[in-house]
Amino acid sequence: AKDKLPRLLGEGLEIGPADPAYGSDRFGVIIGGRQILADAGDLEQGAPVRVTLGDGRAFETTVATRFPERSLALLATAEGVTLDAPVRAGAIGAGTALFAAAPRADGHVIAPLFVAHASSRELLTTNVLDSFRGMPVFEFEGALAGILAYEGGAVRMLTVDAALEPSLSALPEPRPPARES
């Protein structure tokens with residue numbers, strides 16, 4: 001896995017400039033040719049965001065879709081900027097060793113994680129994750145397992161599909177059952 005680390009760090013990213021009030025770096029992961037999922041759910045729709053990839057490339061994106069209840073946002077690159085997304089992992093079971101990884105201006109951050117419980121939406125780990133929100137999480141073979149998101153008052157590891165679920169506020173209100181006459 002160590003030989004795959006430089007490539008994976010190129011797929012993770014740091015966004016910025018960091019807001020001094022925010023108190024920490026922000027991280028994200030490429031999930032499509034022009035899409036980045038990042039810890040930027042507090043930014044407004046359409047806000048510009050500067051992204052620096054692990055390989056040093058830097059460019060502007062905009063907040064395309066917000067998932068504020070997860071503190072995440074989908075960032076869209078400008079026309080002509082194409083990115084390579086990592087392969088996504090399949091099902092992951094309890095006992096699996098994973099790692100969160102991202103570049104920072106002052107060096108790489110690598111956090112080993114061990115899965116205690118797995119569901120289709122979330123992987124519960126044995127680690128405290130607060131310092132790593134927004135970081136991509138990979139299998140040792142290099143496949144993307146998920147992203148660390150702030151949801152429900154805690155940082156948890158969500159699958160990419162779960163992280164992209166529509167916001168509860170975006171779902172239509174349920175209609176009451178029709179009354180029979």
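Residues numbered from 1 in each chain as written. Predicted model: local features only at pLDDT ≥ 70, side-chain atom pairs only at ≥ 80, totals over all residues. Heavy atoms only, no water.

### Comments concerning the sheet that holds strand S7 (residues 97–102)
What counts is decided by this rule: Pairs of strands are assigned from DSSP output, requiring at least two bridges between the strands. The helix count covers DSSP runs of H or I at least four residues long, the strand count covers runs of E at least two residues long, and both are numbered beginning at the N terminus. For every element, the axis is a line fit to its C-alpha atoms; helices are fit only across the contacting stretch, and the angle between N-to-C directions ranges from 0 to 180 degrees.
Ordered in space as S7-S8-S9-S12-S11-S10, the 6 strands form a closed barrel in which the pairing is antiparallel. Direction aside, the axes of adjacent strands within the sheet are offset by 45 degrees on average. Note: S7 against strand S10 (residues 136–139), 3 bridges, orientation antiparallel. Its bridge partner being in S10, Leu-98 is matched across the sheet by Glu-139.

### Structural notes on the confidence of the model for the protein
Here is the rule: Residue-level confidence of the predictor is what pLDDT reports, using numbers from 0 through 100. Note on contacts: a residue pair qualifies if any of its non-hydrogen atoms lie within 4.5 Å across the two residues.
In this model, the protein carries an average pLDDT of 82, and 80% of its residues clear a pLDDT of 70 or more. Highest mean pLDDT in the protein belongs to strand S6 (residues 72–77) (95); lowest belongs to helix H1 (residues 5–11) (47). Note on residues 1–10: pLDDT is under 50 here. Beyond four places in sequence and across chains, it has 21 contacts. Below a pLDDT of 50 lies the segment residues 17–24, which in the model reaches 5 contacts outside its immediate sequence neighbourhood of four places, other chains included.

### A few points about the side chain of Thr-61
Under the convention used in this document: Classification of residues uses two cut-offs on accessible area relative to the type maximum, computed with a 1.4 Å probe and protein chains only: under 20% is buried, over 50% is exposed, and between them is partly exposed.
You can see Thr-61 is positioned in strand S5 (residues 58–67). By relative accessible area, which is 2% here, Thr-61 ends up buried. When neighbours within four sequence positions are excluded, Thr-61 is seen to be in contact with Ile-36, Ala-47, Pro-48, Val-49, Val-51, Leu-75, Ala-76 and Thr-77.

### Notes on unusual backbone geometry
For Ser-71, which is not glycine, the phi dihedral falls at a positive 60 degrees. Among the secondary structure elements, Ser-71 is positioned in the loop between S5 and S6. With relative accessibility at 8%, the residue Ser-71 sits in the buried group.

### Section: the nonpolar core
For the record, the criterion: The definition of a nonpolar core used throughout is a set of buried Ala, Val, Leu, Ile, Met, Phe, Trp, Tyr and Cys residues joined through side-chain atoms within 4.5 Å.
Membership of the largest hydrophobic core comes to 20 residues, with the highest contact counts inside it found for Leu-98, Met-135, Val-137 and Leu-148. Those elements that provide at least two residues to this core are S7, strand S8 (109–118), strand S11 (144–151) and strand S12 (154–158). Excluding its chain neighbours within four sequence positions, the residues that come into contact with Val-137 are Leu-98, Phe-99, Ala-100, Leu-113, Ala-143, Leu-144, Ala-145, Gly-146, Leu-148 and Met-157. Membership of the second largest hydrophobic core comes to 16 residues, among which are Ile-31, Leu-144, Ile-147 and Ala-162.

### Quick look at the pattern of salt bridges
Worth spelling out the cut-off: Any Lys or Arg side-chain nitrogen found within 4 Å of a carboxyl oxygen on Asp or Glu counts as a salt bridge.
Applying the stated criterion to the full structure yields 12 salt bridges. Between Glu-165 and Arg-121 there is a salt bridge, with the nearest N and O atoms lying 3.3 Å from each other. Remark: Arg-121 occurs in the loop between S8 and strand S9 (122–125) and Glu-165 occurs in the segment after helix H2 (160–163); sequence separation between them is 44 residues. A relative accessible area of 26% means that Arg-121 is categorised as partly exposed. Measuring nitrogen to oxygen at the nearest pair gives 3.9 Å for the salt bridge that ties Arg-156 to Glu-151. Accessibility expressed as a relative area gives 24% for Arg-156, which makes it partly exposed. Judged by its relative accessible area of 11%, Glu-151 falls in the buried class. Three or more residues joined by partner-sharing salt bridges are found here, namely Glu-69, Arg-70, Arg-121, Glu-122, Glu-151, Arg-156 and Glu-165.

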